[in-house]
Structures are given as structure tokens and as C-alpha cells.
There are 2 protein chains.
Amino acid sequence: MNDLATPRLSPATLSALADIVGAERVLTDAESAAHYGRDWTRFHTPTPSAVLLPGSIEEVQDIVRLAAREGLAIVPSGGRTGLSAGAVAANGELVIALDRLSSIADFNPVERTVRCGAGVITEQLQQFAEGQGLYYPVDFASAGSSQIGGNISTNAGGIKVIRHGMTRDWVAGLKLVTGTGELLDLNRGLVKNNAGYDLRQLVIGAEGTLGIVVEATMALARPPQDPAVLVLGVPDMGAIMQVLAAYQAKMDLQAFEFFSELALQKVVEHQGLQRPFETPAEYYALLEFEQLTGADMEQAMALFEHCVEQGWVVDGVASQSVAQAESLWRLREDISETISRWTPYKNDISTTVAKVPDFLSEVEQVVNGAYPDFEIVWFGHIGDGNVHLNVLKPDDLPVDEFKQRCGEVSQWVFEIVQRYGGSVSAEHGVGLLKKDYLPYSRSELEIDLMRQIKRAFDPAGIMNPGKIFDA
Amino acid sequence: MNDLATPRLSPATLSALADIVGAERVLTDAESAAHYGRDWTRFHTPTPSAVLLPGSIEEVQDIVRLAAREGLAIVPSGGRTGLSAGAVAANGELVIALDRLSSIADFNPVERTVRCGAGVITEQLQQFAEGQGLYYPVDFASAGSSQIGGNISTNAGGIKVIRHGMTRDWVAGLKLVTGTGELLDLNRGLVKNNAGYDLRQLVIGAEGTLGIVVEATMALARPPQDPAVLVLGVPDMGAIMQVLAAYQAKMDLQAFEFFSELALQKVVEHQGLQRPFETPAEYYALLEFEQLTGADMEQAMALFEHCVEQGWVVDGVASQSVAQAESLWRLREDISETISRWTPYKNDISTTVAKVPDFLSEVEQVVNGAYPDFEIVWFGHIGDGNVHLNVLKPDDLPVDEFKQRCGEVSQWVFEIVQRYGGSVSAEHGVGLLKKDYLPYSRSELEIDLMRQIKRAFDPAGIMNPGKIFDA
């Protein structure tokens, strides 16, 4: 309790907090502030007034009650792998880090559910499921550090959404500490429960603005059998959609991802990977499917031939083993980490799937015109209508200037998103970074309804204030 | 506009309504009041002040604005097949029947979505999907008259939930006219959209208390291949759960239903059906699975042998054709219609799946003790933890007295539901019938949050008032 980075709390408050969680779990040093005070975004300076590490739901409730009494703002904090500054404490907030609520309990093989503390790491749940002969299908690049509570609060998506949906689809129940410190036990793992509004759904994706997710009952799936991966070179966006339609008509795809030639170049160069094949292409599609029988690979290859004949595919490769499938996946999965050294300005936009080619061509025109001097990396979950537009910062450009230029262009991009009825944040959430753009996706009335709902859950307005919308 | 059943509206109001929808679409005769003023429940006398048949979203908005100005309560009305009196107009409300919003448009084969007016009948959507080589998987006995808007407002479930989920899982977007007559266009068919709270989810299952669902973008699935049905005789509830676990470990079931011997007797006697086999059993399980290859039936039969060896199954039959599968399904699907002549008092309760045997045994003890003179018919979606407890009215007992006695016992049943963390309404919704029991499934705080949310969507309190909870 020394080295106060931002000495905003009175000794009395610090002492009351220490009484709740223990003095050694009230962190106010500069290093903790920097570590716990921000997510993967780098556009804000973390300035939490203190970082708290509660060890039980009751401790979380006690902290929130104290904060409500004293009018202290709270930022709930999971693995802080967010990309929209939803878990950033840039205004002297109390950070409540859920790391210690990390138990996995009450596995139920009949229901295929398991109760997780908010601090359980995604990968931990995936491994637990594997140990039970099951599968937790929500997967993404940050699975090694993201936490279940944060996944729920941001309705995390990732690379298997086309087959298994978002985090929302795997939450059978959750416990929420509201802005008044009360505990809601929502849905309790029931498959069917039509007794009143499904408040659980409201909490999923609310980015901590309605309260703190402290526990969840997560559903598990049967594991995919013998997954195989294809990487296909595709000449243009229209062709990608034709490939998607051709495969979907005949097979249940586990994933349908895409990335651009520049994305491939970066990832090959910086991760020491091989190109999947020599023929260059504008875009690459990565497909995964289950091999229930040998007929599946035959079907996939017949479709490949068909796509080549139609001119939709210029070349391709199929995995011959699990190891090869995994290394093909790295071409797509390592992109985010690879480009992080360029402080990328990320847009995470979506439209309905069929509109993607027209939508992307409009967006490309705008960004290529606006950023002739910037490198643009495209990748994403094209089977869900979701693309990530990444603008790389030139090394010699200061962050603030870069951010400002990107912000200006974002507005034009979001005007296109609006015209296409799309989303300004397909899976990353709104946080601080997309807040100003929310009206491009949601009407004034919708935002007003959200505000009123927040006031019901959090009358004092202490729960992650300023995220998603201003009160 | 004659034969006023309940002459509550002023001539000026009636005339203003006629200006909106046309005089011939303002129905105030006794027959229309009886027809449109109630659902499948028979515990309330329908007394709508008028029945309106708008032909467009704009007309719905105009009616709601007028109603908000004049403080007139509204009951949104779909196929009125509900079983909780959610669509009953027993207090002089305006009934807005959505029958004329019945267009199916904008089918999108890439996205497998289609835009439906609220008045589209479930079966119509099922047939439309079939015509496109696709499948609308939410199915239940009232599919021939229930409407999509009503399905969404009650989050309709049915017989394929174990595989395909509830209506919630198939709503890619919806349009809602709020209590102020404004139009919300929620999610617009996007697969991925994490831009703020998912208000769509709040509307699904809100039973018209937040507004009127006027349109929805529905997702469609690939059709199941060559479905086969097993009917198994099972000695007790514990054995049913063993059978479920055994099959689920090896196969993706499309359905796992159950019914009691008395249910079977009633349906065989009154529908002129054959018993599936001669051996009598306490309960029957009905399983459906896809035959992707011949191996599936082999697997199912091997599991059958195993279940017989373990003493979990006493006899069984497997469908040899689609026609036979359909006639086996009638043993389960015709139960509701068969018992309707006894004005059944229905409880639609659930718990988590693994707790079902203990839960049912407690419930059975209570109801058998309380109703020694009544016939009890059990059936339901046991694979989802959802059972329907039907108490049949003896012919010589007046409805009111019957209802009162059932109400008393319901309280004891719901105390068990509460102890098991279950739901007082798994799929039928709350409406008027289950309102008093809502606190057995939802906390005071949850109900208070629902009230505040309703006030945000419907500040004048005109949208299906008194349903789910009192304001």
C-alpha cells in the first residue's frame, strides 16, 4: 500500500477496502496500476485509484456496497485482452480484478455444464472440457489469458462462431453483482425457463456496465471429430462468398475465415511460417470441417475442384494430419499478435453475410483513398459477415496523430456500416473506443433504453461508467 | 361496428381507430370478442373493447400512439394458442391482432434467413423453408395456428429443443412497436453484433409487455436427414435419465420426449391409435435421431440392447419408414389435444436435467396425495428438464372449484420447483395464470428490474398490462 500512483482514495476508504479483501490485496503501486488498469488497447493512460483482488462473491458485494456509498466508480477486470478499452481505468476508478474467483466446480456430465468463477481462463475451461471428453467451442487468439467473466461481459466470439455461436450461446446461468451490491442468480443452468424477461441475456455483452459477472454455469459440447483444414487462394471478395455458399450447401463448416495477402506476408515473415502454397492470391479462405467419415474429405475435395473450375479458387492445400491443420491455423490465428507491434487501429465491423462483398468494396475504396501511406491488413470471420480492418501505424508517426487520422476515417467507414445496417462492433464491444460511433449502429431510442436499463441495475452509476455510452 | 359486446370506447375513439385501419377492421361484435379475446386457456371471460386488424407496421404504430394518448390498454394477439393467458383480454383492452402482417419476404439463401410478418403462421414458415430445401426447427402441437410474433413473444419451445433450442435461437432480428408507438429495428439479421445491449433478447419472451413484435428475420436450418423414431417402455424416471445419458453419449438426438402410461391410454383410446407394443410400462420415452448413414440405426439398436440389459428399458419399437415415424410421433403429439376435453390444469415446470428424477418424485408425491380423485397425465420434454403436469377435471366438478383446488396444490408444487432452482414456466410463459407464482422462480429484485425495464419501453403502461407481473 505504498507508491500511490494516483492518490485519490482517503486513508479511511483504503482501510475499509483492506478490511474487506486484506491489505495485501489492495494494490496502489504504479506497476499494478499499469498492469491492471488497461486492456490490450494502448490509447489511454491507466490511472486506477486502487486495484482490488477479492477472493469471494461476498467480498465483491462488500466492495460494491462501499463504492456505492462513497460514489466510487468501478472497472471490472478479467484477462484484459479486450480491444475496445472496455476494461480501461483511465479516470481514477477502482479496479476489481476477478483473478482469484478461478474455481471450476460442479461438472455435470448429464447436462454437460460446469460452474466457473469469473476468473477462470478460457484455455483452462477448454482443457477442463477436454479432460471430460467434451469441448468448449468458443475460441480465439487470446484464449490463454482472457477470462470467462470478461468473455461473458463482451459476448466474445472468435473463430468457431459459424458453427457454435458466440459466448452467449454457452452461458446456462450467471451470477451478477449489481451496482447496489446485490446478487442476481440468473437462469441457474436451466435449459428451459420462460418465467419472465431473460435478464441473463441483457448482462451478456453489457461490458460490466450493469454489474460484475462473478460466476457462470457454462455449457460444453461434444468434441469435433478429426478436424481438417483447407486454405484456399481466392481472387476477390465475391469469389470468397461463392466458395462459402458452395461449401455450406453441402457441409457443416466449423470455421470459415479469411485474410488478405498482406496479412499472410506479415505472418509468414514474423512468425517464421511457410506460405500455404506458392501461387499468390488477393485473399485466402481458411475452412475447417469435421471428418466423421472418409466421405467428408472427398466431398471437400470435390467442392474444391468445382470452385477451381468456376474460377473462384486459384490454388489450395488440405491438411493431412492434426499437426498440419494446426500449422495452417497459425496463418490466421497469429495475425493479431504479429501486427500488434504496429499499434494497429482496429475496426471490427460486420454486415449481413450476403452483403459482405459490396460492403467491403465500398469500405476498401474509402480506406485506400484515405490512407495511401498506411498499410491495411484485412482478416476476419467472413462466414459470419464480420471483418477486421487493421490500419498499421507507420513507425515514425506519433500515436496521437495516428489515432486522430484513423478516427476521422472511421467516421466514413461507419457511415458505410450504417447504410448497410451493419454493426460498428461485431465482437469487440464498444468500451471507450467505439462509444462515439455507437449511433451508427443503434438508434437514439435504443441508446436511451440502454441508459434507463443501466439506471435500474446501477442507480448510483458506478459500474464501468462512460463505457458503451455516457450516462 | 355494431353489437358492442363491451361498449367501453367512445364513438370518437372508435371513429379514430376506424380512420387508421378501416371501419370494417374494427370489430366490436360479441363473436369477435370471444374469438380474438382469449387464447387456449379457458379461465377468463374475454371482454375486449374492440378488436383491431391493422395491415401494416405504420397502422400498428398509429393505434399504439392513439392508445398511449388515451390511456387504453392493448393486448397483442397472434394465433392465441398460448397456455398461460398471455393473450387474454379480460379487462376491456384493445386487441391488436397481427393476422394481416403475414408476408414472407427477402429469403436469403446465403444467410439462410427470411423476413416474416408477425402474423405468419409457424407451419407456413416450416413449409416455406421446406420449399427452399431448408428447415424451420421450432415445432410443437399448435404449429398450425400459432404465429411467429407470438412464438417470439413467448419464446416458444416444443419438441426439438434438445437439438435446436427455443425460438430465441432462430430470431436474427426483430421489429418492435414500443408502448410509445416508436419502432425499434433490433439486430437487423446480423450474425455478430456486440454494439451495446442486445435488446432483441429482452423482447423475446416478454409476452407483449414491452411492445408489439411486428416483424422478424428468422434463421433457417439444414433439414434433418431421414429421421427415425424409437419408442421405449421404461420402468421409472431414474431409468429414463439413464437412457437419455446412454444415447446422448453416443448420438446427437433430435428429440427426447416422455409420457406416462395414462397419457398413452388416453391418446390410444381417443385418437384411434395403436399401442407401440403390448408390454405395459410406467413411462415411455420417444427418441428421434438422424440416419446420416446406416450406422446410426445400428448404433441406436446397440444402445437399445444395452438399455434392456441394464433393466432401463422393458420393450421398444423402432420406425421402419417415415410414415411409421410420424405415427409414433402422434402418440406424443396428440396428447395435448386429447386431454383438452377435460379442461386440464397445466403445470409447465422445469429443473436442471440431472435433478429431474428426484424432482419428479417429490412432485408426484405431493400431487398424488393432494388429488387422489383426479387423473394426472404426465408428459414433456424430459431431455430439457421440462415436464408437463396435467390435472384432468372430473366431469362433474365446476370449473371454478376445480381451478381453485388446483391453484392450492400448485403452490406446493412450486415450492418444490423453488427448492430445485427450477422454473414455474419452462416454455408456456407467465401471462395471467402463472403471475402469482413468479416469485418462486424469480427474486424480488429481478421482478423489480423487469418492472423498471417495462417502464422504459412502455412508460404509459398500456402494453399487455397485468401479464407476467403487476406494474
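Only a predicted model underlies this, so the values are computations on that prediction, with no experimental measurement involved.

Colleague: So what about the overall build of chain A? Which residues, and what values?
Modeller: The number of helices and strands found in chain A is 15 helices and 16 strands. Since a compact globule built from 471 residues should have a radius of gyration of about 23 Å, the 23 Å found for chain A is in line with a globular shape. Counting only C-alpha atoms, chain A reaches 75 × 55 × 45 Å along its principal axes. By residue count, 63% of the 471 residues in chain A fall in the buried class. Put simply, of all contacts in chain A between residues at least 6 apart along the chain, 73% involve residues at least 24 apart. Accessible surface computed for chain A: about 16,800 Å², of which carbon and sulfur atoms make up 46%.

Colleague: Explain the pairing of strand 11 (residues 253-260) of chain B to me, using residue names and the numbers behind them.
Modeller: Residue and element names in this part refer to chain B. The element strand 11 is largely enclosed, with a buried count of eight among its eight residues. As defined by bridge partners, strand 11 adjoins strand 12 (residues 283-290) across seven bridges and the pair is classed as antiparallel. Counterpart to Phe256 in the pairing with strand 12 is Leu287. Note: strand 11 against strand 15 (residues 375-381), two bridges, orientation antiparallel. Directly across from Phe259, in strand 15, lies its bridge partner Phe379.

Colleague: Now, about the domain arrangement of chain A: what can you tell me, with residues and values included?
Modeller: Residue and element names in this part refer to chain A. Domain annotation of chain A identifies domain 1 (11-97), domain 2 (104-219), domain 3 (227-336) and domain 4 (343-445). Each of domain 1 and domain 2 has a C-alpha centre, and these two points are 22 Å apart. Each side of the interface is counted separately: domain 1 has 15 residues, and domain 2 has 18 residues. Together domain 1 and domain 2 conceal approximately 1,100 Å² of surface at their shared face, both sides included; 70% is due to carbon and sulfur atoms.

Colleague: Break down unusual backbone geometry for me, citing the residues and quoting the values.
Modeller: Even without glycine at this site, Ala85 of chain A takes up a positive phi of about 60 degrees. One non-glycine residue with positive phi stands out, namely Arg112 of chain B, at about 55 degrees. Relative to the helices and strands, Arg112 of chain B resides in the loop between strand 5 (104-108) and strand 6 (113-117). Exposure remark for Arg112 of chain B: the relative accessible area of 18% places this residue in the buried category.

Colleague: Now, about the sheet that holds strand 8 (residues 183-186) of chain A: what can you tell me, with residues and values included?
Modeller: Across the sheet, five strands lie side by side as 5-6-9-7-8 (chain A); this open sheet has antiparallel pairing. Strand pairing shows two members of the sheet lacking a second neighbour, strand 5 (104-108) and strand 8 of chain A, which therefore form its edges. The mean angle between the axes of side-by-side strands here comes to 15 degrees, regardless of whether they run parallel or antiparallel. Direction of pairing for strand 7 (residues 171-178) of chain A relative to strand 9 (residues 211-219) of chain A: antiparallel, over a ladder of seven bridges. Bridged to Gly173 of chain A within strand 9 of chain A is Thr217 of chain A. Along the sheet face, helix 3 (residues 57-70) of chain A touches strand 7, strand 8 and strand 9 of chain A and points at about 40 degrees away from the line of strand 7 of chain A. In the packing of helix 15 (residues 444-457) of chain B onto the sheet, contacts are made with strand 7 and strand 8 of chain A, and the angle to strand 8 of chain A comes to roughly 85 degrees.

Colleague: Got a sec to walk through empty space enclosed by the protein? Specific residues and values, please.
Modeller: All names here are of chain A. According to the stated counting rule, one finds five cavities of 30 Å³ or more in the structure shown. Roughly 790 Å³ of internal volume is contained in the largest cavity. As for the largest cavity, its lining consists of 46 residues, and the residues nearest its centre are Thr81, Gly82, Leu83, Ser142 and Thr154. Among the elements of the structure, strand 3 (74-77), helix 5 (148-153), strand 9, helix 11 (322-333), strand 15 (375-381) and strand 16 (386-392) are those that each provide at least two residues to the lining of the largest cavity. A per-element tally of the lining of the largest cavity places helix 5 first, with four residues. Residues that form the lining of the largest cavity fall into these classes: 13 nonpolar, 26 polar and seven charged. In this structure, the second largest cavity encloses a volume near 80 Å³.

Colleague: Tell me about the relation of the copies chain B and chain A, and name the residues and values.
Modeller: Of the two same-sequence chains, chain B is brought onto chain A (RMSD 0.0 Å, axial shift 0.0 Å) by a rotation of 180 degrees. Here the transformation between the copies is reduced to the relation of a two-fold axis. A symmetric contact is evident, with 100% of the interface residues of chain B recurring at the interface of chain A.

Colleague: Explain the packing of helix 8 (residues 237-250) of chain A against helix 13 (residues 356-370) of chain A to me, and be specific about the residues and the numbers.
Modeller: Residues and elements named next belong to chain A. Where helix 8 meets helix 13, the closest approach of the two axes is 9 Å, and the angle between their N-to-C directions is 155 degrees. Taken together, helix 8 and helix 13 sit at an angle that is classed as roughly antiparallel. Helix 13 is crossed by helix 8, and the crossing has right-handed handedness. Only Val356, Pro357 and Leu360 of helix 13 make contact with helix 8, whose side of the interface consists of Met237, Gly238 and Met241. Class assignment of the residues belonging to the contact of helix 8 with helix 13 gives a composition of five nonpolar, one polar and no charged.

Colleague: Residues and numbers for the nonpolar core, please.
Modeller: Judged by nonpolar contacts, the single largest core of 212 residues is most densely connected at Tyr247 of chain A together with Tyr247 of chain B. Once residues within four sequence positions are removed from consideration, Tyr247 of chain B is found in contact with Leu230, Leu232, Leu253, Leu287, Ala300, Leu303, Phe304 and Cys307 of chain B.

Colleague: Break down the sheet that holds strand 14 (residues 345-350) of chain A for me, citing the residues and quoting the values.
Modeller: Residue and element names in this part refer to chain A. Taken together, the seven strands give an open sheet; going across it, the order is 13-10-12-11-15-16-14, and neighbouring strands pair in antiparallel fashion. Two strands close off the open sheet at either side, each with one partner strand: strand 13 (315-318) and strand 14. Between one strand axis and the next, the sheet turns through 15 degrees on average, direction left out of account. Note: strand 10 (residues 227-234) against strand 12 (residues 283-290), eight bridges, orientation antiparallel. Its bridge partner being in strand 12, Leu232 is matched across the sheet by Ala285. Of the strands in this sheet, strand 14 and strand 16 touch helix 14 (residues 399-419), which is tilted by about 10 degrees from strand 14.

Colleague: So what's going on with the side chain of Gln61 of chain A? Which residues, and what values?
Modeller: With respect to the element layout, Gln61 of chain A can be found in helix 3. The contacts of Gln61 of chain A, once residues within four sequence positions are left out, are Val177, Gly181, Glu182 and Leu183 of chain A.

Colleague: Go over the confidence of the model for chain A, please, and point to the residues and values.
Modeller: The pLDDT averaged across chain A works out to 94; a share of 99% of its residues lies at or above 70. Confidence drops under pLDDT 50 across residues 1-5 of chain A; counting only partners more than four residues distant or on other chains, this segment forms 15 contacts.

Colleague: Any details on the UniProt feature "domain: FAD-binding PCMH-type" (unreviewed entry) in chain A? Residues and values, ideally.
Modeller: Those places that UniProt annotates as "domain: FAD-binding PCMH-type" (unreviewed entry) correspond, in this numbering, to residues 44-223 of chain A. Spanning residues 44-223 of chain A, this segment combines 22% helix with 23% strand, and its end C-alpha atoms are found 40 Å apart.

Parameters and conventions
- Residues numbered from 1 in each chain as written.
- Chains lettered and ligands numbered in written order.
- Predicted model: local features only at pLDDT ≥ 70, side-chain atom pairs only at ≥ 80, totals over all residues.
- Heavy atoms only, no water.
- Helix = DSSP H or I, 4+ residues; strand = E, 2+ residues; numbered from the N terminus.
- Rg over C-alpha atoms; globule rule 2.2 N^0.38 Å.
- Buried < 20%, exposed > 50% of the residue type's maximum accessible area, 1.4 Å probe, protein only.
- Contact = heavy atoms within 4.5 Å.
- Areas by Shrake-Rupley, 256 points an atom, 1.4 Å probe, with all protein chains shown as cover.
- Pairing = 2+ DSSP bridges.
- Domains from an automatic or database assignment.
- Buried area = accessible area lost by both parts, 1.4 Å probe.
- Axes fitted to C-alpha atoms, helices over the stretch in contact; angles between N-to-C directions.
- 1 Å grid on protein atoms, 1.4 Å probe; cavity = no way out; pocket = protein on both sides within 12 Å on 5 of 7 lines; lining within 4 Å.
- Points joined across faces, edges and corners; volume = space filled by probe spheres on them.
- Nonpolar A, V, L, I, M, F, W, Y, C, P; charged D, E, K, R; others polar.
- Least-squares fit on C-alpha atoms with pLDDT ≥ 70 in both.
- Parallel < 35°, antiparallel > 145°, perpendicular 65-115°, else oblique.
- Left-handed = near helix turned anticlockwise from the far one by under 90°.
- Core = buried A, V, L, I, M, F, W, Y, C linked by side-chain atoms within 4.5 Å.
- pLDDT = per-residue confidence, 0-100.
- UniProt positions renumbered as here; feature names shortened; annotations may be inferred.

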